[in-house]
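The chain contents come next:
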Amino acid sequence: MEWVNDLDRAPRERIITRRLVKPRLDIKYPQVAGLRNGFVQRMVNHAILDAIYDLIRIQGYVQDKTKTITGTYHVKLHKKELLSLLYENYGYAEKAAHGMTYQSSQTFDLVDGRLYTLADLFKPGSDYIGRLSGIIAREFKARDIPMLAEFKTITPDQPYYLTDKAIGIYFQLYEYTPYVYGFPTFEIPFAEVKDIIDPQGPIGRLM
């Protein structure tokens, strides 16, 4: 009789690329497959689709019948049952000088489906806004980028993503810099803010 380890039968967790194709619309987006908990898998996948549709709405796809929209995504982290995704959505309207790209991101716990906010990465009560804002302000000056507006602070719910070594903070086109400079992005090493990181939070798994 052959014995089979139950782990051998476990589904393999993976990210699958799907496409949303309609007239003037072609979006590549991720879906999670192979999670042990089917409910969590559905919850994560529905949240991803919500984010994709939000970007389509921001572009004004329904309102502007001349606009063509394409989209893609990047897996910034998929490790230790954490998943961090960055989405890009590009729209071009007829006769426009150039197109417009928007970004958004999500970081999930693949065990329970939790969607982490920036605040969830840090110890309760810590001044993560002040610390991150100070680092970013210093980096803006160091890069000597022309500014459309003075940077003062990030927001409490600032969009971000995780890598296995850093917190990525980014800003939209035109938010602070001219279009030609793209998305201002700052990857802040965990070590630089180690004292305020919550060891029980998602980064605690990675350190």
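Basis of the calculations
- Residues numbered from 1 in each chain as written.
- Predicted model: local features only at pLDDT ≥ 70, side-chain atom pairs only at ≥ 80, totals over all residues.
- Heavy atoms only, no water.
- Pairing = 2+ DSSP bridges.
- Helix = DSSP H or I, 4+ residues; strand = E, 2+ residues; numbered from the N terminus.
- Axes fitted to C-alpha atoms, helices over the stretch in contact; angles between N-to-C directions.
- Buried < 20%, exposed > 50% of the residue type's maximum accessible area, 1.4 Å probe, protein only.
- Contact = heavy atoms within 4.5 Å.
- Polar contact = N/O pair within 3.5 Å; in protein donor to acceptor, adjacent residues only side chain to side chain.
- Core = buried A, V, L, I, M, F, W, Y, C linked by side-chain atoms within 4.5 Å.

1. Quick look at the sheet that holds strand S4 (residues 82-92)
The five strands lie next to each other as S1-S2-S3-S4-S5, forming an open sheet whose pairing is mixed. The strands lining the two open edges of the sheet, one partner per strand, are strand S1 (14-22) and strand S5 (100-109). The average undirected angle you get between the axes of adjacent strands in this sheet is 20°. Pairing of S4 with S5, which is carried by 10 bridges, proceeds in the antiparallel orientation.

2. Digging into the environment of Glu-88
Within the fold, Glu-88 resides in strand S4. Residue Glu-88 is classed as partly exposed on the basis of its relative accessible area, which comes to 27%. Setting aside residues no more than four positions away along its own chain, Glu-88 makes contact with Thr-70, Gly-71, Thr-72, His-74, Thr-101, Tyr-102 and Gln-103. Polar side-chain contacts of Glu-88 include one of 3.0 Å to the side chain of Gln-103.

3. Side note on the nonpolar core
Ranked by internal contacts, the top residues of the largest apolar core, which has 27 residues, are Leu-118, Phe-122, Ile-167 and Ile-169. Among the elements of the structure, helix H2 (128-143), strand S6 (160-162), strand S7 (166-170), strand S8 (185-189) and helix H3 (202-206) are those that each provide at least two residues to this core. At five residues, H2 tops the list of elements feeding residues into this core. The next biggest cluster of nonpolar side chains, apart from the first, holds 22 residues, and it includes Val-32, Ile-52, Tyr-73 and Tyr-87.

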